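# Fold and geometry: a report
The residues making up each chain are set out below.
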Amino acid sequence: MYKYDEFDAEFVNQRALQFGRQVESRLSGSLSEEQFRPLRLMNGLYLQLHAYMLRINVPYGCLNSVQMRKLAHIARVYDKDYGHLTTRQNMQFNWIKLADMPEILLELASVEMHGIQSSGNCIRNITADEYAGVAAEEIEDPRVYCELLRQWSSLHPEFSFLPRKFKISVTGSEKDRAAVKAHDIGLRLYRNENGEEGFEVFVGGGLGRTPFIGKSIRAFLPTRHVLSYCEAILRVYNQLGRRDNKYKARIKILVHEMGAEAFTELVEKEWAQISAGALEVPEAELERVRAFFVPPAYERLPEESPELEAQLGSDAAFATWARQQLAAHKQPGYAIVNISCSPVGKPPGDISSAQMDVVANLADTYNFGEMRVTHNQNLVFTDVRKSDLFALWQELVRVGLATSNHGLISDTICCPGLDYCALATARSIPVAEKLSQRFADQDKQKEIGEIYLNMSGCINACGHHHVGNIGIVGVDKKNSELYQLMLGGSAEEDASLGKILGPGFDEDGIVDAVENVIDTYLELRDESERFIDTYRRVGPDPFKERLYSAPA
Amino acid sequence: MATVKKNPVKFPDGDAGPMQQVVIANRLTDGVVVFLGRDRQWVTYLKDCPPAETPEEAETLLAMGVEAENNQEIVGPELIEVQDQNGTLAPIKMREAMRARGPSIRTDLGKQAGN
């Protein structure tokens, strides 16, 4: 994991002190809300429905146990004893007091954390594959480049006032767990036929009110050029992106209106000017950053653990969890563990301070003191010995973090919605909770198989509804909540946007509608087909016919 | 200069009953939702807040809200429409109802829980 150097630490500390003084000025009245708003947003502080909300960056989802304990402490002392994991791999607190902010930022700075650029029209937290560095099928570890991008984009003087916010995501695997095609810039790290490492560059993806899948504008970019090429893209966007209308200000609109080809031409032209300049990453710098991400001190273990095999055979509940929550690791004898923060009937992504403390302790005991936050609002332990899995599971059961729903229908992505968010037009969490209760039966979930159900409480799509295999968006219709259903989205390497199936439903109706769609799928699917495969094979009509012909 | 958001509330015509509005805002220091009560005091529960019965009263309330914002007491004062629901005053719009109560999925939090 990256560790702050003297410069980083000093900068974050100074920034915390600076914002502390700005808060004092606001409280004493020498700054008006209008003057203060951009300053608080630059530090991740929003004003939501019930209170201030603080968004804290978790750089590309990587978190250590000391940081997690600090987040637990902040939740306990300054908030209402819980936090919320977000779809940008960050942590949010919903009940922050402005007057506490100076202290909170110093607390965060003491563990190398902050909220800088977690809001505003700048380059936001870089996101990445949560299995970075450990997935068995990974080509290269994307974290090195995430860190380079993080340093380059932090307080970049040219890109601090972009037309609109800007999101970058990086993956190093064939299997895309980072939704790279749904980002302003998506980078797919791979090796070409000559064995050279480089990126395929996607631009102009994004969700919100005008969703687009990112366009591939460069098939292969040598890794040493990653900063200069992103700089060229940002320069073109910064100059030509619309500033007259915030709803048309994202890069996706520019790329769409201009056409990917014309946009690429401008980027290449700009890049030709700067590619051999100061932004070309020297091998020595790459090595320096790589050193932060060397694998932990793994033991040499056999691939299979007889102990684990015996435990799987003797404890059915453990076996169910293990079958669902584990992923294959590069290192023999180790496993990747997905820790679900979407238990049945609870808000997806919420985690109590007590749970945070337990997770931090477990990370120290079983996972080299580190963990990851996923864009699906869960946690991952990346390096657990197979022989430790049973003990880890027992501890997770005790604190309600052993739900077995990874990649299943109850593991929804869900935005805070109208329960918290000032932009929302409908509640989203109650629907996610009801859906997880409707499909709580483990056998039923397993029968349905891999499926992504994403849910947002307004068209801004923080819950990624367009790229859910099943997507739900809540809107306000004459002061009532109406939920629209869309099918066919995917955020993975086969990215696609879902399409609205028909008229919307009320809160209970949407739960029935999803069950209806699932029943149709179970009848129509060929063996081994996932939901998305069946949908792509048969199209929306069978789903539509069955759903809307049902007696009212 | 404070930014004032006004909900486009339509006042009922004729004898449709008394129109009622209150001023809602967030308290500056902690963001807690507050309502403009008697004697320019900001109260945390809608039940403690006498609503304006006429458009003129509402405008007066809002002017007080703007003044309070300029005095750095609160943020984002706006008029919202409320009505009597089974003897309790409640906002008509769901968004404001949420602010007046707290999150529907955590009834242990917010005003509904007295914290």
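Residues numbered from 1 in each chain as written. Chains lettered and ligands numbered in written order. Predicted model: local features only at pLDDT ≥ 70, side-chain atom pairs only at ≥ 80, totals over all residues.

## Observations regarding the sheet that holds strand β5 (residues 91-96) of chain A
All names here are of chain A. Strands sit in the order β1-β2-β5-β4-β13 across an open sheet of 5 strands; the sheet is antiparallel. The two strands at the open ends of the sheet, each matched to only one other strand, are β1 (45-47) and β13 (350-352). Across the sheet, the mean angle from the axis of one strand to that of its neighbour is 30 degrees, orientation sign disregarded. Relative to β13, strand β4 (residues 82-85) is paired through 3 bridges, and the arrangement is antiparallel. (Pairing = 2+ DSSP bridges. Helix = DSSP H or I, 4+ residues; strand = E, 2+ residues; numbered from the N terminus. Axes fitted to C-alpha atoms, helices over the stretch in contact; angles between N-to-C directions.)

## Considering the pairing of β4(A)
Residues and elements named next belong to chain A. Neither face of β4 is open: one carries Y82 and H84, the other G83 and L85, and all of them are buried. Bridging between β4 and β5 involves 2 bridges; their strand directions are antiparallel. Paired with L85 across the strands is M91, a residue of β5. Following β4, the chain reverses through 5 residues before pairing antiparallel with β5; Q89 in that reversal takes a positive phi of roughly 60 degrees. (Buried ≥ 20, exposed ≤ 12 C-beta atoms within 10 Å, placed from the backbone.)

## Comments concerning the interface of chain A and chain B
Taken together, the contact pairs 23 residues of chain A with 25 residues of chain B. Counting residues per element, the ones that place at least two in the side of chain A that touches chain B are α2 (33-42) and α14 (429-438) of chain A. Of the residues forming the side of chain A that touches chain B, the biggest block, 3 residues, is contributed by α14(A). Its residues assigned to classes, the side of chain A that touches chain B shows 12 nonpolar, 4 polar and 7 charged. (Contact = placed C-beta atoms within 7 Å. Nonpolar A, V, L, I, M, F, W, Y, C, P; charged D, E, K, R; others polar.)

## What about the confidence of the model for chain B?
All names here are of chain B. Looking at chain B, the pLDDT average stands at 86 and 83% of residues meet or exceed 70. In the predicted structure, residues 1-17 sits below a pLDDT of 50 and forms 25 contacts with residues beyond four places in sequence or in another chain. The ipTM, which scores confidence in the relative placement of chains, is 0.91 for this predicted complex, and the corresponding pTM is 0.95. (pLDDT = per-residue confidence, 0-100.)

## Focus: the domain arrangement of chain A
Per the domain assignment, the segments of chain A are domain 1 (6-109), domain 2 (135-292), domain 3 (306-398) and domain 4 (413-549). Summarising the inter-unit geometry, the C-alpha centres of domain 1 of chain A and domain 2 of chain A are found 27 Å apart. (Domains from an automatic or database assignment.)

## Quick notes on the environment of A:N245
All names here are of chain A. Mapped onto the elements of the fold, N245 is located in the loop between α6 (226-240) and α7 (251-258). For N245, a count of 9 C-beta atoms within 10 Å corresponds to the exposed category. For the pair N245 and R164, spaced 81 residues apart in sequence, the C-alpha to C-alpha distance is 9.9 Å.

## Looking at the nonpolar core
By size, the foremost hydrophobic cluster in this structure holds 187 residues, and its most contacted members are A:I233 and B:V22. The leading source of residues in this core is α6(A), at 9 residues. Contacts of A:I233, omitting those with residues within four sequence positions, involve A:I185, A:V203 and A:V267. (Core = buried A, V, L, I, M, F, W, Y, C linked by C-beta atoms within 7 Å.)

## Things to note about helix α4 (residues 101-109) of chain A
Along α4(A), the residues that are buried comprise A:M101, A:I104, A:L105, A:L108 and A:A109. Summarising the axial view, the buried residues of α4(A) lie within an arc of 135 degrees, below the 170-degree limit, and thus occupy one face. (Arc of directions from axis to C-beta.)

## Some remarks on the packing of helix α3 (residues 65-78) of chain A against α4(A)
Residues and elements named next belong to chain A. Interaxial distance between α3 and α4 falls to 10 Å at its minimum, and their mutual angle equals 165 degrees. The angle between the axes of α3 and α4 places the two elements in the roughly antiparallel class. Crossing of α3 over α4 shows right-handed handedness. Seen from α3, the contacting residues are K70, I74 and Y78; seen from α4, they are I104, E107 and L108. For the contact of α3 with α4, the per-class residue count stands at 4 nonpolar, no polar and 2 charged. (Parallel < 35°, antiparallel > 145°, perpendicular 65-115°, else oblique. Left-handed = near helix turned anticlockwise from the far one by under 90°.)

## Considering the pairing of strand β1 (residues 21-27) of chain B
All names here are of chain B. With 6 of 7 residues buried, β1 lies mostly within the body of the structure. With 6 bridges joining them, β1 and strand β4 (residues 74-85) adopt antiparallel strand pairing. The partner of I24 across the bridge, within β4, is E78.

## Focus on unusual backbone geometry
Residue and element names in this part refer to chain A. Phi is positive for Y60, which is not a glycine, with a value near 40 degrees. Inspection of the secondary structure puts Y60 in the loop between β2 (52-56) and β3 (62-64). Residue Y60 is classed as buried on the basis of its C-beta count, with 28 C-beta atoms lying within 10 Å. If you check the backbone angles, F368 has positive phi at about 55 degrees while not being a glycine. Within the secondary structure layout, F368 lies in the loop between α12 (353-366) and β14 (370-373).

## Quick word on the environment of A:E261
Relative to the elements of secondary structure, A:E261 occurs in helix α8 (residues 260-274). Taking the C-beta count within 10 Å as the criterion, A:E261 has 9 such neighbours and is therefore assigned exposed.

## Topic: α14(A)
Residue and element names in this part refer to chain A. With 7 of 10 residues buried, α14 is to be regarded as a mostly interior element. Among the residues of α14, those classed as buried are I429, P430, V431, A432, E433, L435 and S436. Packed against the buried residues of α14 are β16 (413-414), β17 (453-456), β18 (470-477), β19 (480-487) and α16 (507-524).

## Remarks on the sheet that holds strand β7 (residues 168-171) of chain A
Residues and elements named next belong to chain A. Here 5 strands make up an open sheet; going across it, the order is β6-β7-β8-β9-β10 and the pairing mixed. Both outer strands of the open sheet, β6 (127-128) and β10 (215-222), are each paired with one neighbouring strand and no more. Of the pairings in the sheet, the one linking β6 to β7 comprises 2 bridges and is parallel in character. When the bridges of β7 are listed, A128 appears paired with V170.

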